[in-house]
Amino acid sequence: YEADHGSAIVMEVATGRIVAMANLGLTKNGTYEEQRNYAVWERTEPGSTFKLASLLVALEDGKVDTADIVDTENGIFTIYGKQVRDSNVKYGKGGYGKITLAEAFRLSSNTGIVKAIYGAYEKDPQAFVDQLYNMGLQRRTGIRIKGETDPIIPKPKDKNWSGISLPWMAFGYEVSFTPLQMLTFYNAIANNGYWIQPLIVSKATRGDEVVIDYTTTQVRFSKPLCSPETLQKLKIMLEGVVTKGTAN
């Protein structure tokens, strides 16, 4: 796809250990080389990967359920003159019609997810934002590499908040995270709901002597992201994405 740059990270679920972290940027001569640690430093809008966080909030609040029917219509949903579009619209297919919320997630339907979240929180967007903060998504990971950037999650009282902020946040826009921050969130889902700090260095030694054991000071949050019931629903939906959805 001739991308300007990209990164890939592998994280061990139970320990938070970073097994691999690679960053490649396009050079002037058309090759790719390690230039910056985009995984830790670069904050971007995560797009569809944020739909997991949106549904976690709504499921935990009891605002929606995976069996709820959402009408994706022709794949276009207009709010304040701005369009939310499903990816298949450009192929002339025009949306998915009426499907369950679980199917909307499996197919990564922008209109389906936005309709569900916007319908649930249109009158109280602060409740949606509060839950994102309560989950800890506004925190840095705390990885021991310099240059980590703060996430951005807008609030209704911010001067740049508008009528489209909530629906745009629902499918990963107007919010910003580093790749490592999004990975750490997904890792918490895999780790039965528990956040764990990414571990890049286990120990510092001088000869055979362990000077610092970083595993003993690693931050592990004792409070889970959500209830076991919500977590189970999220895991089933994630499995559906890779067995018969957009990531098969």
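Numbering of residues begins from 1 in every chain and follows the order in which that chain's sequence is written. pLDDT decides what is reported in this predicted model: residues at 70 or higher carry local features, side-chain atom pairs at 80 or more are listed and counted, and totals for whole chains, interfaces and linings draw on all residues regardless. With hydrogens and water stripped out, all remaining heavy atoms of the structure feed into the side-chain values.

Enquirer: Can you break down the environment of Met169 residue by residue, with the values?
Expert: A run of DSSP states H or I qualifies as a helix once it reaches four residues; a run of E qualifies as a strand once it reaches two. Both are numbered from the N-terminal end. Structurally, Met169 is set in helix 6 (residues 165-170). With 16 residues separating them along the chain, Met169 and Ile153 place their C-alpha atoms 8.6 Å apart. The contact rule is simple, with two residues in contact once any of their heavy atoms fall within 4.5 Å. Once you skip the residues sitting within four places of it in the chain, Met169 turns out to touch Phe50, Ser54, Phe128, Val129, Leu132, Ile153, Pro154, Trp161, Glu174 and Val175.

Enquirer: Tell me about the packing of helix 2 (residues 51-60) against helix 4 (residues 110-121), and name the residues and values.
Expert: Simply put, an axis is a line fit to the C-alpha atoms, just over the touching stretch for a helix, and the angle between two N-to-C directions goes from 0 to 180 degrees. Packing of helix 2 against helix 4 brings their axes to within 11 Å, and their N-to-C directions diverge by 35°. With respect to the hand of their crossing, helix 2 and helix 4 are arranged in left-handed fashion. For the pair formed by helix 2 and helix 4, the contact residues are Lys51, Ser54, Leu55, Val57 and Ala58 on the first element and Asn110, Ile113, Ile117 and Tyr121 on the second. When residue character is reported, Ala, Val, Leu, Ile, Met, Phe, Trp, Tyr, Cys and Pro are called nonpolar, Asp, Glu, Lys and Arg charged, and the others, Gly included, polar. A class-by-class count of the residues in the contact of helix 2 with helix 4 yields 6 nonpolar, 2 polar and 1 charged. Left-handed is the label given to a crossing in which the near helix is rotated counterclockwise from the far helix by less than a right angle, and right-handed is the label when the rotation is clockwise.

Enquirer: An account of the pairing of strand 6 (residues 82-85) is requested, with residue identities and associated values reported.
Expert: Any two strands with at least two DSSP-identified bridges between them are counted as paired. Sheet analysis places strand 5 (residues 76-79) next to strand 6, joined by 4 bridges and oriented antiparallel. Note that in strand 6 the partner of Phe77 across the bridge is Val84. Remark: 2 residues form the turn of the hairpin made by strand 5 and strand 6, two consecutive strands paired antiparallel; Tyr80 in that turn has positive phi of roughly 50°.

Enquirer: An account of the environment of Glu122 is requested, with residue identities and associated values reported.
Expert: The residue Glu122 is located in the loop between helix 4 and helix 5 (125-134) in this model. What makes Glu122 partly exposed here is its relative accessible area of 46%. Between the C-alpha atoms of Glu122 and Pro167, which are 45 residues apart in sequence, the distance is 8.5 Å. When near neighbours in sequence (up to four residues on either side) are disregarded, Glu122 contacts Ile117 and Leu166. The buried label applies to any residue whose accessible area, calculated with a 1.4 Å probe on protein chains only, is under 20% of its type's maximum; exposed applies above 50%, and partly exposed to all values in between.

Enquirer: An account of helix 2 is needed here, citing residue identities and associated values.
Expert: Helix 2 sits mainly inside the fold: 9 of its 10 residues count as buried. When helix 2 is considered as a whole, its buried residues turn out to be Lys51, Leu52, Ala53, Ser54, Leu55, Leu56, Val57, Ala58 and Leu59. Looking at the residues trailing helix 2, positive phi occurs at Gly62, about 75°.

Enquirer: Can you lay out the sheet that holds strand 2 (residues 18-26) for me, pointing to particular residues and giving the numbers?
Expert: With antiparallel pairing, 3 strands are arranged side by side in an open sheet as 1-2-3. Looking at which strands have only one partner, the edges of the open sheet turn out to be strand 1 (5-11) and strand 3 (32-33). In this sheet, strand 2 lies alongside strand 1 in antiparallel orientation, the contact comprising 7 bridges. Bridged to Ile9 within strand 2 is Met21. Relative to strand 1, helix 7 (residues 179-190) is tilted by about 30°, and along the sheet it contacts strand 1 and strand 2.

Enquirer: For unusual backbone geometry, give the residues involved together with the corresponding values.
Expert: Even without glycine at this site, Glu73 takes up a positive phi of about 50°. In this structure, Glu73 sits in the loop between strand 4 (69-71) and strand 5. Positive phi is not limited to glycine here, since Glu174 has a value of about 70°. Tracing the chain through its elements places Glu174 in the loop between helix 6 and helix 7. Look at Glu174 and you get partly exposed, because its relative accessible area is 27%.

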